[in-house]
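What the coordinates show
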Amino acid sequence: MADVVSFLTRAILLAICIHLTSSACIPQPFSYMDLLTPTSNVTQECLEMGETGDCGFFKCLGERFDCQSSEYEYANHGYVSCEKFKALKAGDKFTEKATELVSHSMVCLTEHLKKLYMAGTNKCEYIKQYAFLVTSDCFKGNGFCDMASGTASDKRDMKHALDAFGYPGPIGNFEMLRALRCSKDQVSVYLHWLNVLLYGDNEEP
């Protein structure tokens, strides 16, 4: 019976992953030892924050499924990035175009993560894996990768956003662009611009 339940659980998780994202999902070995049960109830306030892209939603997710001690902790990372995005928008570091793109992408992200928040059980590994897949779908789907071939202002907005994700510098930016599944050409164009910006002879890219 346990084997049947384990198989059905993996099948359901895989079906959800494929349905909600455009990426192929690879199921990981399932273990009941890693299953989390909720440590707080689902609240209407948290659900509303999930519908609007409010940074507080990530705290709701982290409080309901505590992954602080796990190598797969995601909720705090999501909250910190969200707050950095909010500060960039408030400080006029983003253009109007980037502000709209990031806002729509964050709403898309938290709306998808509501499904994990409302789940009866969860795994830290699945939360992080699913969150990164959806982050890619939401940001790429809203045109984030296209900014690489845009104006200098577009590229500056892209740099601010990549740094806010917690992946600063050329290597960090490269890793995040690949995680977002931007094309090789888009990554190459952006990194060339960044290289000129950081190491060029006073040339304004």
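This is a predicted model, so every value here is computed, not measured.

With respect to the side chain of D154
Positionally, D154 belongs in helix α7 (residues 152-164). One polar contact links the side chain of D154 to the main-chain amide nitrogen of T151, over a distance of 3.0 Å. Ignoring anything within four residues of it in the chain, the contact list for D154 reads K97 and M147.

Here we look at the packing of aromatic side chains
A ring pair, where both rings are aromatic, is described by two values, the distance of the centres and the angle of the planes. Inspection of the entire model under this criterion finds 9 aromatic pairs. When the centroid spacing of 5.7 Å and the interplanar angle of 65 degrees are considered together, the rings of F57 and Y117 count as edge-to-face. Here F57 is found in helix α3 (residues 56-64), whereas its partner Y117 is found in helix α5 (residues 96-117), with 60 residues between them in sequence. For the pair shown, F57 and Y117 are each scored as buried. Summarising the aromatic geometry, the rings of F58 and Y74 are spaced 6.2 Å apart at their centres and angled 65 degrees between planes, so their arrangement reads as edge-to-face. Placement of F58 in helix α3 and of Y74 in the loop between α3 and α4 (75-90) is noted, with a sequence separation of 16 residues between them. Judged on exposure class, the residue F58 and its partner Y74 are both buried.

Structural notes on the state of the cysteines
Per the stated rule, a full pass over the model turns up 5 disulfides. Disulfide pairing is shown between C55 and C82; the S-S distance is 2.1 Å. Of note, the bridge from C55 to C82 carries an S-S torsion of about -85 degrees and is left-handed in sense. Residue C55 is found in the loop between α2 (44-52) and α3, and its partner C82 is found in helix α4; the two are separated by 27 residues along the sequence. Both residues of the pair, C55 and C82, belong to the buried class. Shown here is the disulfide that connects C145 with C182, its sulfur atoms set 2.0 Å apart. Handedness here is read from the sign of the S-S torsion; for C145 and C182, about -75 degrees, the answer is left-handed. On the criterion of sequence distance, the pair formed by C145 in the loop between α6 (124-141) and α7 and C182 in the loop between α8 (169-179) and α9 (184-199) is long-range, its members being 37 residues apart. Accessibility classification places C145 together with C182 in one group, the buried group.

Definitions and limits used
Residues numbered from 1 in each chain as written. Predicted model: local features only at pLDDT ≥ 70, side-chain atom pairs only at ≥ 80, totals over all residues. Heavy atoms only, no water. Helix = DSSP H or I, 4+ residues; strand = E, 2+ residues; numbered from the N terminus. Polar contact = N/O pair within 3.5 Å; in protein donor to acceptor, adjacent residues only side chain to side chain. Contact = heavy atoms within 4.5 Å. Phe/Tyr/Trp six-rings, centres within 6.5 Å; stacked < 30°, edge-to-face > 60°. Buried < 20%, exposed > 50% of the residue type's maximum accessible area, 1.4 Å probe, protein only. Disulfide = S-S within 2.5 Å.

In short, geometric facts, not functional conclusions.
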